[in-house]
Amino acid sequence: MTAEPNYRGKPWQRFRLTILKRDLWTCQMCSVLLTSGRSHRRAAVVDHLIPARLRPDLFLAEDNPRAVCKTCHDGPCKSIEVSHGEDTEAVMAAKLAWHS
């Protein structure tokens, strides 16, 4: 069994920054420039195309996460994950297909 993803650990913090830099601090869903912090609607979030809760082995895989804003993460991303349940391929496809 794979360990639960650790969003507080140093490996995740380094990885998160790598993804934000790779994606030029730009939301990959709506194209807004991202900000630091946690509460602003444009706050930078690194979202897993295939949710880490379903595939913890992909937690630090560079081709799975992407930078999104808090608005897209808390709206379309969560909605897609709820509507497609545990179908990882459908979740990923819907996230990639979504655009504002």
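Anything mentioned here points back to the structure above.
Residues numbered from 1 in each chain as written. Predicted model: local features only at pLDDT ≥ 70, side-chain atom pairs only at ≥ 80, totals over all residues. Heavy atoms only, no water.

1. Some words on the layout of surface pockets
Thinking step 1. In this structure, the largest pocket spans a volume of roughly 710 Å³.
Thinking step 2. Residue lining of the largest pocket: 22 residues in total, with Tyr 7, Trp 12, Val 45, Val 46 and His 73 positioned closest to the centre.
Thinking step 3. Only helix 1 (10–22), strand 1 (44–48) and helix 2 (70–84) provide two or more residues apiece to the lining of the largest pocket.
Thinking step 4. Looking at side-chain class alone, the lining of the largest pocket contains eight nonpolar, five polar and nine charged residues. (1 Å grid on protein atoms, 1.4 Å probe; cavity = no way out; pocket = protein on both sides within 12 Å on 5 of 7 lines; lining within 4 Å. Points joined across faces, edges and corners; volume = space filled by probe spheres on them. Helix = DSSP H or I, 4+ residues; strand = E, 2+ residues; numbered from the N terminus. Nonpolar A, V, L, I, M, F, W, Y, C, P; charged D, E, K, R; others polar.)

2. Observations concerning helix 3 (residues 88–97)
Thinking step 1. For helix 3, the complete set of buried residues consists of Thr 88, Val 91, Ala 94 and Lys 95. The buried residues of helix 3 occupy an angular sector of 135 degrees when the element is viewed end-on, so they sit on one face.
Thinking step 2. Where the residues of helix 3 are buried, they touch strand 1, strand 2 (65–69) and helix 2. (Buried < 20%, exposed > 50% of the residue type's maximum accessible area, 1.4 Å probe, protein only. Arc of directions from axis to C-beta. Contact = heavy atoms within 4.5 Å.)

3. Focus: the packing of aromatic side chains
Thinking step 1. Taken as a whole and assessed by the stated rule, the structure comprises four aromatic pairs.
Thinking step 2. An angle of 90 degrees between the planes, with centres 5.0 Å apart, marks the rings of Tyr 7 and Phe 59 as edge-to-face. Placement of Tyr 7 in the segment before helix 1 and of Phe 59 in the loop between strand 1 and strand 2 is noted, with a sequence separation of 52 residues between them.
Thinking step 3. Among the aromatic residues, those joined into a cluster by ring pairs are Tyr 7, Trp 12, Phe 15 and Phe 59. (Phe/Tyr/Trp six-rings, centres within 6.5 Å; stacked < 30°, edge-to-face > 60°.)

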